[in-house]
Amino acid sequence: MQPPPRADALCLGETMAQVTPADGEGLERSRELRLAVAGAESTVAQYLADLGHESAWVSRVGDDPFGRRIVAAVASRGVRVDRVLVDPAAPTGVYFKDPGPDGTRVHYYRAGSAASRMTPADADRVDLTGVRLLHLTGITPALSEGCAELVDTLMKRAADAGTRMSFDVNYRPALWSSRESAADALLALARRADVVLVGRDEAETLWGTITAEDVREHLAPRGTLVVKDGDVGATEFTDAGSEFVAAPIVDVVEAVGAGDAFAAGYLSGLLGGAAPAERLALGHRLAGRTLRSIEDYVPATAGSAPLGEGR
């Protein structure tokens, strides 16, 4: 077997076909639907590639048109996909976005998907030699017992290899049997990571914490903690202290995907050696790009306007 290509960042997790009403109406009324590609980890990988980093995405997809479309779309952004496995025995997951006056609801059809069938054996396709950052989220361990074991295995291997780990909590209530089980599992995983990203609101739901400082006290992270607080701003905590950067004013079209964009911007700054305020600001600017769109991923090519200041 040929050795896998090296990467600044390696992101592992499920990506699905995304179906969205083309006219912005709800699914019950819309007459035209659009097909796109969306997944938290592959979105981060794509943004990192847009920003000049060597990134790779690892997952499984079905041997179907959706799977082929996903792999081609992610690869087209410069992300390495040679360790994505095509599973002929399971389908690619699909989810539907249902916009409405009270926000966008999401309907998942991912049970039994190819990605949910990942196991610790899939870790054999992940060579961390030379990888500067392994990025995982709390979505993957919720997909199946095998996926949870895979995340555990990768975290152990990353720790042994000295590879920095980032973990975005990304709590998805529909994927867990209960809030309590999610709270315990996600807390344990977050405490093993070098960089933890979590929304203040999801932390309150999971652990009853109110402020960013409460989140830090509860998590007792061993490295860097970033608490995102929607349109208020984001705070980075390290042993050296804390840094808060307010979120810029944005005319919001839809919030889905903004958290992944923020994670990618922040991690790009981290990989590039930017100061805390600069990497938080880059996270906000990428998130703002997504907030102004109905797309989960909006290409952030070098020199694009949304990486600058302004609404």
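Before reading on, note that the structure itself is shown above.
Keep in mind it's a predicted model, so treat the numbers as computed, not measured.

Asker: How should the environment of G112 be read in this particular structure?
Answerer: Among the structural elements, G112 can be located in the loop between β8 (103-109) and β9 (133-137). G112 gets classed as partly exposed once you look at its relative accessible area, which sits at 44%. Once the C-alpha coordinates of G112 and T290 are considered, the two residues, 178 residues apart in sequence, prove to be 29 Å apart. Those residues in contact with G112 that lie beyond four places of it in its chain are A90, P91 and R117.

Asker: Help me understand the side chain of T20 in this model?
Answerer: As for its position among the elements, T20 is in strand β2 (residues 16-21). On the accessibility criterion, T20 (5% relative accessible area) is buried. A polar contact is formed between the side chain of T20 and the side chain of Q18, at a distance of 3.2 Å.

Asker: Got a minute to help me understand the sheet that holds β8 in this structure?
Answerer: Think of a sheet as strands paired side by side through backbone hydrogen bonds, with each pair either parallel or antiparallel. The four strands lie next to each other as β3-β2-β7-β8, forming an open sheet whose pairing is mixed. The sheet terminates laterally at β3 (33-38) and β8, the two strands that pair on one side only. Averaged over neighbouring strand pairs, the angle between their axes works out to 25 degrees when direction is ignored. Helix-sheet contacts for helix α2 (residues 65-76) involve β2, β3 and β7 (94-100), and the interaxial angle to β3 is about 60 degrees.

Asker: What should I look at first to understand the pairing of β7 in this one?
Answerer: If a strand is regular, its side chains alternate between the two faces of the sheet. Counting buried positions over the seven residues of β7 gives five, a clear majority of the element. Strand direction decides the pairing type here: β2 and β7, joined by three bridges, are parallel. In the strand pairing of β7, Q18 is matched with Y95. Where β7 meets β8, seven bridges bridge the pair, whose relative direction is antiparallel. Of the residues in β8, the one forming a bridge with V94 is Y109. If you look at the hairpin formed by β7 and β8, you'll find two residues sitting between the two strands.

Asker: What exactly am I supposed to notice about the sheet that holds β9 here?
Answerer: An order of β4-β1-β9-β10-β11-β12-β13-β14 is seen for the eight strands of this open sheet, with the pairing classed as mixed. This sheet does not close on itself; its edge strands, each paired only once, are β4 (55-58) and β14 (241-246). Strand after strand, the sheet turns through a mean of 15 degrees between neighbouring axes, direction not considered. In this structure, β9 lies alongside strand β10 (residues 164-168), joined through five bridges in parallel fashion. Bridge pairing in β10 places H135 opposite S166. Strands β1 (9-12), β9, β10, β11 (195-199), β12 (224-229) and β13 (233-238) of the sheet are contacted by helix α8 (residues 258-271), whose axis makes an angle of about 155 degrees with β11.

Asker: I would appreciate a short explanation of the packing of aromatic side chains in the present structure.
Answerer: For any pair of aromatic rings, geometry is given as the distance between the ring centres together with the angle between the planes. Per the counting criterion, the structure on display carries three aromatic pairs. Between the aromatic rings of Y47 and Y297, the centroid separation amounts to 4.9 Å while the plane-to-plane angle is 65 degrees, which identifies the pairing as edge-to-face. Taken together, the residues Y47 in helix α1 (residues 40-50) and Y297 in the segment after α9 (276-291) connect sequence positions 250 residues apart. The exposure classification of Y47 matches that of Y297, with both residues buried. With 5.6 Å between their ring centres and 80 degrees between their planes, F96 and Y109 make a pair best called edge-to-face. Of this pair, F96 sits in strand β7 while Y109 is found in strand β8, placing the two residues 13 residues apart along the sequence. The lysine or arginine in question, R110, covers the ring of Y108, its NZ or CZ lying 4.8 Å from the ring centre.

Asker: When you look at unusual backbone geometry in this model, what are you seeing that I'm missing?
Answerer: A negative phi holds for most residues other than glycine; trans holds for most peptide bonds. Phi angles above zero are rare outside glycine, and N170 is one such case at about 45 degrees. Considering the arrangement of structural elements, one finds N170 in the loop between β10 and α5 (179-190). Here the phi dihedral of A220 falls at roughly 45 degrees; this positive angle occurs in a residue that is not glycine. Of note, A220 is situated in the loop between α7 (212-219) and β12.

Asker: I'm lost on the nonpolar core in this one. Help?
Answerer: If you look at soluble globular proteins, the nonpolar side chains tend to sit buried side by side. Within the largest apolar cluster, 47 residues are counted, with the highest numbers of intra-cluster contacts made by F167, V169, L186 and W207. Beyond its immediate stretch of four places on either side in the chain, W207 contacts V169, A183, L186, L187, V198, H218 and L219. Within the second largest apolar cluster, 40 residues are counted, among which are V71, V226, L271 and L280.

Asker: Help me understand the environment of L187, please; the structure alone is not making it clear to me.
Answerer: Relative to the helices and strands, L187 resides in helix α5. In this structure, the C-alpha to C-alpha distance between L187 and P120, residues 67 residues apart in sequence, is 21 Å. Apart from residues no more than four positions distant in its own chain, L187 is found in contact with W207, H218 and L219.

Definitions and limits used
- Residues numbered from 1 in each chain as written.
- Predicted model: local features only at pLDDT ≥ 70, side-chain atom pairs only at ≥ 80, totals over all residues.
- Heavy atoms only, no water.
- Helix = DSSP H or I, 4+ residues; strand = E, 2+ residues; numbered from the N terminus.
- Buried < 20%, exposed > 50% of the residue type's maximum accessible area, 1.4 Å probe, protein only.
- Contact = heavy atoms within 4.5 Å.
- Polar contact = N/O pair within 3.5 Å; in protein donor to acceptor, adjacent residues only side chain to side chain.
- Pairing = 2+ DSSP bridges.
- Axes fitted to C-alpha atoms, helices over the stretch in contact; angles between N-to-C directions.
- Phe/Tyr/Trp six-rings, centres within 6.5 Å; stacked < 30°, edge-to-face > 60°.
- Lys NZ or Arg CZ within 6 Å of the ring centre and 35° of its normal.
- Core = buried A, V, L, I, M, F, W, Y, C linked by side-chain atoms within 4.5 Å.

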